[in-house]
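Here are the chains, one letter per residue:
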Amino acid sequence: MFQAPDLDGARAQEIARGLAQVQSRITTACAAAGRAPEEVTLIVVTKTYPASDLGVLSSLGVRDVGENRDQEAGPKADQLSDLDLRWHFIGQLQTNKAKSVVRYASVVHSVDRTSLAVALGKAASGTSGRGPAALDCLIQVSLDGDTSRGGAPIGEVWNLGDLIAAQDGLRLAGVMAVAPLGADPNGAFATLHEVSARLQALHPGADVISAGMSGDLESAIGQGATHLRVGGAVLGQRPPLGYGRNAETE
Ligand SMILES: *Cc1c(COP(=O)(O)O)cnc(C)c1O
């Protein structure tokens with residue numbers, strides 16, 4: 001059972017302030033882009049932050065949270081199962097973790113190869129206790145073709161989309177990308193928008209565009225993002241690497 005957070009505490013107030021700032025940035029960017037703020041879902045990325053912060057976020061009305069490591073996300077999701085949270089898995093994923101991730105994740109943003117799509121499909125349609133809901137999958141796109149940080153090259157998106165759509169237990173929901181280091185985020189997210197349009201021509205339901213982080217959410221909104229993944233701007237400086245982490249998995 002999760003202990004209700006102290007909303008008058010200093011940490012809760014810090015989180016409330018960060019959340020309000022990000023929501024105001026979203027409102028401003030949507031106005032500039034001629035979009036309705038309701039078109040954009042904020043996913044608060046809680047990796048490395050303690051479960052107590054998720055309790056605060058939930059009390060503040062946040063429903064969508066993002067994590068990038070199964071070893072951290074699984075226990076947090078178990079501990080917080082009483083809260084009405086939607087878990088987004090946003091990190092590079094090994095096929096042998098598929099079974100664990102489908103237990104708690106509503107969306108996997110980082111599907112970037114056929115072996116992973118097949119493993120997720122098998123896990124999601126198997127005896128995982130998910131119930132009837134299909135697992136939403138986004139294709140992570142490598143916008144500069146450097147796949148070392150995850151993501152499929154643009155040329156592989158179409159076949160991967162067909163394969164995900166063909167898996168029992170999976171639903172092809174759209175695309176995700178991280179702006180390449182040093183690149184102009186406007187240009188990068190404009191490319192992602194084009195990839196999304198081509199994918200939707202083939203798979204009309206695949207309308208999610210997951211793009212934009214603390215530093216570039218305005219660019220992402222300007223280029224049609226439907227989902228933002230924001231950590232630091234809401235929760236403050238991320239705890240140092242190693243905090244709450246299991247060295248063997250790094
Ligand atoms: C950590 C992370 C984010 C959030 O980054 P911030 O700069 O803290 O907003 C978004 N997307 C992915 C894939 C991440 O790993």
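Scroll up to find the structure this text is about.
All of these numbers come straight from a predicted model, not from anything done at the bench. (Residues numbered from 1 in each chain as written. Predicted model: local features only at pLDDT ≥ 70, side-chain atom pairs only at ≥ 80, totals over all residues. Heavy atoms only, no water.)

Draft legend 1. Representation of the overall build of the protein within the structure. Across its full length, the protein carries 9 helices and 9 strands. For 250 residues, the compact-globule estimate of 2.2 N^0.38 gives 18 Å, and the C-alpha radius of gyration of the protein, at 17 Å, lies within 12% of that figure. Along the first, second and third principal axes, the C-alpha set of the protein runs to 50 × 45 × 35 Å. The 250 residues of the protein split such that 50% are buried. (Helix = DSSP H or I, 4+ residues; strand = E, 2+ residues; numbered from the N terminus. Rg over C-alpha atoms; globule rule 2.2 N^0.38 Å. Buried < 20%, exposed > 50% of the residue type's maximum accessible area, 1.4 Å probe, protein only.)

Draft legend 2. Broad picture of the pairing of strand 7 (residues 170-176). The buried fraction of strand 7 amounts to 6 of the 7 residues, a majority that puts the element mostly inside the structure. Where strand 5 (residues 135-142) lies against strand 7, 6 bridges are found, and the strand directions are parallel. Looking at the pairing, Leu-138 lines up with Gly-174 of strand 7. Here 3 bridges tie strand 7 to strand 8 (residues 208-210), and the two strands are oriented parallel to one another. Paired with Val-175 across the bridge in strand 8 is Ile-209. (Pairing = 2+ DSSP bridges.)

Draft legend 3. View of the site of the ligand. Around the ligand, the structure places Val-45, Lys-47, Ile-90, Met-176, Met-213, Ser-214, Arg-229, Val-230, Gly-231, Gly-232 and Arg-238. Contact between the ligand and Lys-47: an oxygen atom at 2.7 Å from a side-chain N or O atom of the residue. Separating an oxygen atom of the ligand from a backbone N or O atom of Gly-231 is a distance of 2.8 Å. Out of a free accessible area of 390 Å², the ligand has 84% covered by protein chains. Among the residues forming the shell around the ligand, the class breakdown is 5 nonpolar, 3 polar and 3 charged. (Near = heavy atom within 4 Å. Polar contact = N/O pair within 3.5 Å; in protein donor to acceptor, adjacent residues only side chain to side chain. Areas by Shrake-Rupley, 256 points an atom, 1.4 Å probe, with all protein chains shown as cover. Nonpolar A, V, L, I, M, F, W, Y, C, P; charged D, E, K, R; others polar.)

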